[in-house]
There are 2 protein chains.
Amino acid sequence: MRFAVVGGGAWGSALGIHLIRCGHTLRVWAREDDVISSIRERRRNERFLPEVELPEGFEVTPRLDEATEGAEVVLVVIPSQFCRGIYAELATIVSEGTILVSATKGIEIDSLKRMTEVAAEEAPRQPIAVLSGPSFALEVARGHPTTVVVASAQQSVAESLQKALSRRRFRVYRSSDVVGVELGGALKNIIAIAAGIIDGLGYGYNTTAALLTRGLAEISRLAVALGGRADTLAGLAGMGDLVLTCTGGLSRNRRLGQALGQGKSMAEAMASVSVAEGVRTTLAACDLAERAGVEMPISAQMRAVLHQGKQPGEAVDELMSRSLKRE
Amino acid sequence: MRFAVVGGGAWGSALGIHLIRCGHTLRVWAREDDVISSIRERRRNERFLPEVELPEGFEVTPRLDEATEGAEVVLVVIPSQFCRGIYAELATIVSEGTILVSATKGIEIDSLKRMTEVAAEEAPRQPIAVLSGPSFALEVARGHPTTVVVASAQQSVAESLQKALSRRRFRVYRSSDVVGVELGGALKNIIAIAAGIIDGLGYGYNTTAALLTRGLAEISRLAVALGGRADTLAGLAGMGDLVLTCTGGLSRNRRLGQALGQGKSMAEAMASVSVAEGVRTTLAACDLAERAGVEMPISAQMRAVLHQGKQPGEAVDELMSRSLKRE
């Protein structure tokens, strides 16, 4: 099949490598000149995925129309704040029937909309799906056993993507729960920042395990209130991705939290990571939770730390001293 | 209150330290001469928890009747294969009304019974409870924020334990789901061995996150089939303890798996860990699953690796290449 990947970051590059391994034809759209020249001239994405050589057939272009020409599937792998513009542009250039797959984990901050909602508004005629799950880019590029979930409201779309993307050591589950899959991927970044804070404060595994468990419970409550299914949040796109992001060493959101826990200011902490989706997602989640009447104590404390200057240690102490209750 | 802790291992010692911090009176029963003399003469459990000084009031004795004399609560913190004998002995010496709390995570291999079932058979007149959750002994001893669950069929028992054991930075949730809490703690050790194997094989976070998610799904299926509640398994005694044991560096079951993944034989791997409850639990879980008609693919592969000489890499590959399906 012919694929386009929109976004030349680490995850876009890793997905591109995977698609070529699957035997598909691929063109990647990248915005940055240095990324394009690095890929074209040295077969490496030196800025975002320097560890891995890119295979034969990994073509890159700065023109969206060129990247997506003839593509049956377009994977969109860019930060959430650029998605609306890109989907609007895609709507004017892709063919009828071209599937748009969101691989962005975030919520649009002004509208509080999920990325497939944004896609559907801007490109209402295209079939739409979401790809999520516990998948660090570098490990996919290196061929480590990985599992992901593809969800679409149209079962045939999810099935054809499952077939096209599956490979030995890359196991694709399918789902019809777009809301749950998408919210799992977005909301886990809030808990990842909190996990980083716990690291930074010098606490250990007991505290992190408690955070992950209570954190999954609260993002699951919100996802269900917004129409997702509880078992999706207990699955790869919820629990799996949460565990990955909060215990793996590589996540940006966790690095941000770690810096805060070590006593750095928000400005210093932000300077050390390129994009931490969780900062914006925390605001969006708290707004959505208020609207839905859902209690999210960890997210509320994270909003106070990230956006109101609260001390991280104080936030953790308050979470630990809530009144005793049944689980 | 007056407590006895039966068992002078790391977890027994850490719970003892915690009880003294809570203001309770404590006597600890320990079997090993060197542990007793180390605690009495140097105020440290040099064999099992050498990092921490024991507080004033941490009394130890090799006599079970002396340890439990006048105790309102007896915490039993010993390996599962010794539990039946100890509960039988306790039945003959403790007072009416003395609460027996199991803090052992395992299943009796011959009878396939949980530890509170064993306790109830041997000491049918005592109130019984279970204490579980994500809690490395050393971190509790160091006062890191920790959460646990106390479950009992009698709500008043769970409530009084919750009150007696809670402290700033040690948060106790209560539950009525004894089956779920107990099975979560026991069955997670199977998945911990598998997590160690993945480490040992050189795979990364993606693979571990997939294992934990699918692993929790299968132990949850078994627990529910045996009368536990799904939300208990999604809680601290299920997911929380699973995440702790599989991502923390300190677990014996994971170290065993790691050695196997690195190519060591079962005998070599077993020599490097003192007690790995998961080896026996894997057999018990597979028997229980067959009896209940529950599918447990990861546990079945672990049984083949631990007890039938299957290569760990082959087991992982088989798990990754099962037929494509819905999550």
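Quick caveat: nothing in here was measured; it's all calculated off a predicted structure.

**Student:** Account for empty space enclosed by the protein, naming residues and giving values.
**Tutor:** All names here are of chain A. Taken as a whole and judged by the stated rule, the model has one cavity of 30 Å³ or more. One number sums up the size of the largest cavity: a volume of about 30 Å³. Here the lining of the largest cavity gets four residues from one element, more than from any other, and that element is helix H8 (residues 178–200).

**Student:** Can you explain the interface of chain B and chain A? Please cite residues and give values.
**Tutor:** Between chain B and chain A, the residue contacts involve 54 residues of the former and 55 residues of the latter. Summed over both partners, the interface of chain B with chain A comes to about 4,900 Å²; 57% of that surface belongs to carbon and sulfur atoms. On the chain B side of the interface with chain A, the three residues burying the most area are Arg171(B), Asn206(B) and Glu327(B), jointly 16% of the side's total. Ionic pairing is found between Arg169(A) and Asp317(B), a salt bridge with its closest N-O pair at 3.1 Å. Counting residues per element, the ones that place at least two in the side of chain B that touches chain A are helix H6 (137–141), strand S9 (146–151), strand S10 (170–175), helix H9 (205–225), helix H11 (236–247) and helix H16 (312–320) of chain B. No other element matches H9(B), which puts nine residues into the side of chain B that touches chain A. Class assignment for the residues of the side of chain B that touches chain A results in 23 nonpolar, 19 polar and 12 charged.

**Student:** Just give me the short version of H8(A), but keep the residues and values in it.
**Tutor:** Residue and element names in this part refer to chain A. Look at H8: 34 Å from first C-alpha to last across 23 residues, which is about the 33 Å you get at 1.5 Å a residue. When you tally the buried positions in H8, you get 22 out of 23 residues, the bulk of the element. Where H8 terminates, the next one or two residues include Gly 202, which has phi positive at roughly 90 degrees.

**Student:** Go over the pairing of strand S1 (residues 2–6) of chain B, please, and point to the residues and values.
**Tutor:** Residue and element names in this part refer to chain B. For S1, the buried fraction is high: four of the five residues fall into the buried class. Looking at chain direction, S1 and strand S2 (residues 25–29) are connected through five bridges and run parallel. When the bridges of S2 are listed, Phe 3 appears paired with Leu 26. After leaving S1, the chain enters helix H1 (residues 10–21) and then returns to the sheet as S2, a path that is right-handed.

**Student:** Requested: an account of the relation of the copies chain B and chain A, with residues and values cited.
**Tutor:** At an RMSD of 0.0 Å, chain B and chain A line up after a rotation of 180 degrees and a shift of 0.0 Å along the axis. Within this description, the copies of the chain are treated as partners about a two-fold rotation axis. A symmetric contact is evident, with 100% of the interface residues of chain B recurring at the interface of chain A.

**Student:** Before we move on, could you go through the environment of Lys310(B) and cite the residues and values that matter?
**Tutor:** Within the fold, Lys310(B) resides in the loop between helix H15 (297–308) and H16. Measuring from C-alpha to C-alpha, the distance between Lys310(B) and Ala91(B) comes to 43 Å, with 219 residues separating the pair along the chain.

**Student:** Lay out the pattern of salt bridges in plain terms, naming residues and giving numbers.
**Tutor:** Under the criterion given, the structure shown has 43 salt bridges over all chains. Arg47(A) is paired through a salt bridge with Asp34(A); the nearest N and O atoms lie 2.7 Å apart. Placement of Arg47(A) in the loop between helix H2 (33–42) and strand S3 (59–61) and of Asp34(A) in helix H2 is noted, with a sequence separation of 13 residues between them. Among the salt bridges present, the one from Glu108(B) reaches Arg84(B), with a minimum N-O distance of 2.8 Å.

**Student:** Outline the sheet that holds S3(A), supporting the account with residue identities and numerical values.
**Tutor:** Residues and elements named next belong to chain A. Strands sit in the order S3-S2-S1-S4-S5-S8-S9-S10 across an open sheet of eight strands; the sheet is mixed. Edge positions in the sheet fall to S3 and strand S10 (170–175), since each of these pairs with one other strand and no more. Each neighbouring strand pair of the sheet contributes to a mean axis angle of 25 degrees, computed without reference to strand direction. Note that strand S4 (residues 73–76) and strand S5 (residues 99–102) share four bridges and pair parallel. Paired with Val 74 across the strands is Leu 100, a residue of S5. Seen against the sheet, H8 touches S5, strand S8 (128–132), strand S9 (146–151) and S10 and runs at an angle of roughly 40 degrees to S8.

**Student:** Describe in detail the environment of Gly228(A), supporting the description with residues and values.
**Tutor:** All names here are of chain A. Position of Gly 228 relative to the elements: it lies in the loop between helix H9 (205–225) and helix H10 (230–233). Gly 228 gets classed as buried once you look at its relative accessible area, which sits at 10%. For the pair formed by Gly 228 and Glu 182, sequence separation is 46 residues and the distance between their alpha carbons is 9.0 Å. Ignoring sequence-local partners within four residues, the contact set of Gly 228 consists of Asp 177, Val 179, Gly 180 and Ala 223.

**Student:** How would you summarise unusual backbone geometry if you had to cite specific residues and measurements?
**Tutor:** Residues and elements named next belong to chain A. Even without being a glycine, Leu 112 presents a positive backbone phi close to 60 degrees. Assignment of secondary structure puts Leu 112 in the loop between strand S6 (107–108) and strand S7 (113–114). Leu 112 sits in the buried class, given a relative accessible area of 10%. The phi angle at Arg 169 is positive, at roughly 70 degrees, despite the residue not being glycine.

**Student:** Pulling in residues and values, what's your account of the pairing of S9(A)?
**Tutor:** Residue and element names in this part refer to chain A. The buried count for S9 comes to six of six residues, which makes it a mostly enclosed element. Two strands pair when backbone bridges link them, and S8 and S9 are joined in this way by three bridges, in the antiparallel orientation. The residue bridging Val 130 from the neighbouring strand is Ala 151, located in S9. Here S9 pairs with S10 via six bridges, running parallel. By the bridge assignment for S10, Ala 151 is matched with Ser 175.

**Student:** Which residues make up the sheet that holds strand S3 (residues 59–61) of chain B, and what are the values?
**Tutor:** Residues and elements named next belong to chain B. Taken in spatial order, the eight strands line up as S3-S2-S1-S4-S5-S8-S9-S10 in an open sheet, and their pairing is mixed. At either margin of the open sheet sits one strand with a lone partner, and together these are S3 and S10. Shown here is a sheet whose adjacent strand axes are inclined to one another by a mean of 25 degrees, direction ignored. Packing against the sheet, H1 makes contact with S1, S2, strand S4 (73–76), strand S8 (128–132) and S10, and its axis sits at approximately 170 degrees to S1. In the packing of helix H7 (residues 155–165) onto the sheet, contacts are made with S1, S4, strand S5 (99–102), S8, S9 and S10, and the angle to S10 comes to roughly 175 degrees.

Scoring rules and cut-offs
- Residues numbered from 1 in each chain as written.
- Chains lettered and ligands numbered in written order.
- Predicted model: local features only at pLDDT ≥ 70, side-chain atom pairs only at ≥ 80, totals over all residues.
- Heavy atoms only, no water.
- 1 Å grid on protein atoms, 1.4 Å probe; cavity = no way out; pocket = protein on both sides within 12 Å on 5 of 7 lines; lining within 4 Å.
- Points joined across faces, edges and corners; volume = space filled by probe spheres on them.
- Helix = DSSP H or I, 4+ residues; strand = E, 2+ residues; numbered from the N terminus.
- Contact = heavy atoms within 4.5 Å.
- Buried area = accessible area lost by both parts, 1.4 Å probe.
- Salt bridge = Lys/Arg side-chain N within 4 Å of Asp/Glu carboxyl O.
- Nonpolar A, V, L, I, M, F, W, Y, C, P; charged D, E, K, R; others polar.
- Expected span 1.5 Å × (residues − 1).
- Buried < 20%, exposed > 50% of the residue type's maximum accessible area, 1.4 Å probe, protein only.
- Pairing = 2+ DSSP bridges.
- Right-handed = clockwise from strand over helix to strand, strands pointing away.
- Least-squares fit on C-alpha atoms with pLDDT ≥ 70 in both.
- Axes fitted to C-alpha atoms, helices over the stretch in contact; angles between N-to-C directions.

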